[in-house]
Amino acid sequence: MFMQKKAMAKMVAVAVAAPALALTMSASASAATQSNTVSWQNAATGKCLNWGNDVFGNYRLDPPGGCDRSYHGWSQWKETSVDGTYWTFRPDDTVNGHQANMCLTSYNTLVYLETCQDGNWWQQWEEVWTSAGWKLKHRGADWVAGFYLDSNGSRTYTEPGNGGLNQAWH
């Protein structure tokens, strides 16, 4: 009788755990598709992270500048969750009938836009809250893993964390 109770308890535990696991897995899958429109204004310079188009319609990262947060403003970015921790940032250009397939990318300390590629760590950013604002921590790899988005007001780049306001964004 004792063995039957023990076996029954195991079956109940599995019956309860399986749906909970499925729910957890589906929550993770839905988090991966979460997206929002955001803009990033540097705490030290007051300038925004901006994108633009050249005469041929190609997307590019513009120098930091004024903040246009209007619909289709050049300071608007579509952030999409990769896995609940890391995000990709694309120019929010849906007003032209399509979503830009260009992602904010950093390689070494350079920051630019390039065609989005699933799983590309150089295009993934972690949003870390600090008392000064959000810090955008680059996933990257090798010696630049964990560098932060930084701006001196005339250009945007990544650097190791330094606690300065140039790495804080609102």
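Here the structure is shown first, and the text comes after it.
Values in this document were obtained by computation on a predicted structure and should not be read as measured data.

Novice: So what's going on with the packing of aromatic side chains? Which residues, and what values?
Specialist: With the rule as written, the count across this model stands at five aromatic pairs. With centroids separated by 5.7 Å and ring planes inclined at 55 degrees, the aromatic side chains of Trp51 and Tyr59 adopt a geometry described as tilted. Trp51 sits in the buried class, given a relative accessible area of 3%. Given a relative accessible area of 13%, Tyr59 falls into the buried group. With a centroid separation of 5.0 Å and an interplanar angle of 65 degrees, the aromatic rings of Tyr107 and Trp122 are classed as edge-to-face. Of this pair, Tyr107 sits in strand 6 (residues 102–107) while Trp122 sits in the loop between strand 7 (110–115) and strand 8 (125–130); the two residues are 15 residues apart in sequence, bridging distant segments of the chain. The exposure class of Tyr107 is partly exposed, given its relative accessible area of 43%. Over the ring of Tyr148 we find Lys135; its NZ or CZ atom is 4.4 Å from the centre of that ring.

Novice: Describe the state of the cysteines, listing the residues and the values that go with them.
Specialist: In the structure shown here, the tally under the stated rule is two disulfides. Between the sulfur atoms of Cys48 and its disulfide partner Cys67 the distance amounts to 2.0 Å. When the S-S torsion is 100 degrees, as for the bridge of Cys48 with Cys67, the disulfide is right-handed. Of this pair, Cys48 sits in strand 2 (residues 48–53) while Cys67 sits in the loop between strand 3 (59–65) and strand 4 (77–81), and the two are 19 residues apart along the sequence. According to the relative accessible area criterion, Cys48 is buried, its value standing at 0%. Cys67 gets classed as partly exposed once you look at its relative accessible area, which sits at 31%. Here Cys103 pairs with Cys116 through a disulfide, and the sulfurs are 2.0 Å apart. Where Cys103 bonds to Cys116 through sulfur, the torsion about that S-S bond is close to 105 degrees, and the disulfide is right-handed. Here Cys116 lies in the loop between strand 7 and strand 8 and Cys103 lies in strand 6, a separation of 13 residues in the sequence. Assigned by exposure class, Cys103 and Cys116 land together as buried.

What counts as what
- Residues numbered from 1 in each chain as written.
- Predicted model: local features only at pLDDT ≥ 70, side-chain atom pairs only at ≥ 80, totals over all residues.
- Heavy atoms only, no water.
- Phe/Tyr/Trp six-rings, centres within 6.5 Å; stacked < 30°, edge-to-face > 60°.
- Buried < 20%, exposed > 50% of the residue type's maximum accessible area, 1.4 Å probe, protein only.
- Helix = DSSP H or I, 4+ residues; strand = E, 2+ residues; numbered from the N terminus.
- Lys NZ or Arg CZ within 6 Å of the ring centre and 35° of its normal.
- Disulfide = S-S within 2.5 Å.

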